[in-house]
Amino acid sequence: IDGRNFSSLHFAGIMGSGMSAIAQYLAWSGQTITGSDRTAFADEMKDCKEKLERCGCRIFPQDGMGVTAATEALVISTAIEDDNADIAAARKRSIPILHRSDLLAAIVASHRTIAVCGTSGKSTVTAMIFEILRGCGRDPSVIAGANLLRLNEEGLLGNAFKGGSGILVMEADESDGTLVKYHAEKALFLNISKDHNPVPVTLELFNRLSSQTPFVIKNADDPGLHSINAAHTFGLSDQAACRPEAVKAVTPFVRFTLKGIDFELPLAGIHNLSNALAALCVCESEGCNLEEMVKPSREFRGVMRRLSVS
């Protein structure tokens, strides 16, 4: 980051999904990671705390005591207030303070990164791409904004994994505008609507990201994405290059035929059909054959709190 390498980082607010994913990834990469959170020692955060500690992160109360002479940089998110005790401790020791997005941008730049963008469906499609690539033997990494059930069942927190290849699947969140810092190899645009920002603001962010990404895929069915310059498209309309010849069902499961191959996804809804097409299009661009993508698509486990049944 700015020509500096940091081997010991402290995360203020480490329990946040965006922070914990990066912290885990860097711990698996060999960095010394500590962190704090206001809720770190609450009963409801016990599982999250234990899983972070299991992957090598040391957790402290958020009172500044985790920031020591050994700390080379403090990592914060937009949610951390300026009067936070960890920030005060870092300033007292003249320790550099980094925004989470700058750290993530450095990770993105050092990998063959697939950035998944859109105002809805990012977590699900990030998980789909990761599971399909993994099922095809590509051994990808993932940094997501929600917990993948597949990884959770393997004993992990679920929002991050470090694979052995140089492929990184990343959920690129537009909420705070920081996605324009990313220089990914591929960018996938799912949809656009008013969410954290007005549509024109989000569209400007998407266009900036696409302009600095060599391989862009977008949803041809969403007219709001029309201005994004993309050489590759997916969807249900005739304008989409990657589109199904037949849609057999969207409930209780999505079933369709793509280039003569029958697919089934254990999720319901036309939006999940679109999500599946996006994921398959990306994975095909990574060299996966459609035939080898059938099984991981059918066995997709999904994302926590997305159509969960209790």
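Just above sits the structure.
Right, let's walk through the structure included here. (Residues numbered from 1 in each chain as written. Predicted model: local features only at pLDDT ≥ 70, side-chain atom pairs only at ≥ 80, totals over all residues. Heavy atoms only, no water.)

Here the focus is the overall build of the protein. Secondary structure assignment for the protein yields nine helices and 15 strands. Taken against the 2.2 N^0.38 rule, which gives 19 Å for 310 residues, the C-alpha radius of gyration of the protein at 20 Å falls within 12% of a compact globule. Judged by the C-alpha coordinates and their principal axes, the protein covers about 60 × 40 × 35 Å. Across the 310 residues that make up the protein, the buried fraction comes to 55%. Considering only contacts in the protein between residues 6 or more positions apart, those separated by 24 or more positions represent 62%. Looking at the protein as shown, the accessible area adds up to about 13,200 Å², and 50% of this sits on carbon and sulfur atoms. (Helix = DSSP H or I, 4+ residues; strand = E, 2+ residues; numbered from the N terminus. Rg over C-alpha atoms; globule rule 2.2 N^0.38 Å. Buried < 20%, exposed > 50% of the residue type's maximum accessible area, 1.4 Å probe, protein only. Contact = heavy atoms within 4.5 Å. Areas by Shrake-Rupley, 256 points an atom, 1.4 Å probe, with all protein chains shown as cover.)

Here the focus is the nonpolar core. In terms of nonpolar packing, the biggest core is built from 51 residues, with Leu-9, Phe-11, Ile-14, Ile-33, Cys-57, Tyr-182 and Phe-189 touching the most fellow members. The greatest single-element share of this core, amounting to seven residues, is contributed by helix 1 (residues 17-28). Apart from the residues lying within four places of it in its own chain, the contact partners of Cys-57 are Ile-14, Ala-23, Gln-24, Ala-27, Ile-33 and Leu-52. Core analysis: the next-biggest nonpolar cluster, separate from the first, contains 47 residues, Leu-190, Ala-276, Ala-278 and Cys-283 among them. (Core = buried A, V, L, I, M, F, W, Y, C linked by side-chain atoms within 4.5 Å.)

On to the sheet that holds strand 11 (residues 215-219), then. Sheets are built from strands that pair by backbone hydrogen bonding, the pairs being arranged parallel or antiparallel. Reading across from one edge, 8-7-9-6-10-11-12 is the order of the seven strands in this open sheet, with mixed pairing throughout. Because the sheet does not close on itself, it has two edges, and the strands there are strand 8 (160-161) and strand 12 (232-234). Here strand 10 (residues 186-189) pairs with strand 11 via four bridges, running parallel. Pairing of Ala-187 across the sheet is with Val-216, part of strand 11. Here helix 5 (residues 122-135) sits on the sheet and contacts strand 6 (112-117), strand 7 (141-143), strand 8, strand 9 (167-171) and strand 10; the angle it forms with strand 9, its principal contact strand, is near 165°. (Pairing = 2+ DSSP bridges. Axes fitted to C-alpha atoms, helices over the stretch in contact; angles between N-to-C directions.)

All we've got here are geometric facts, nothing functional implied.
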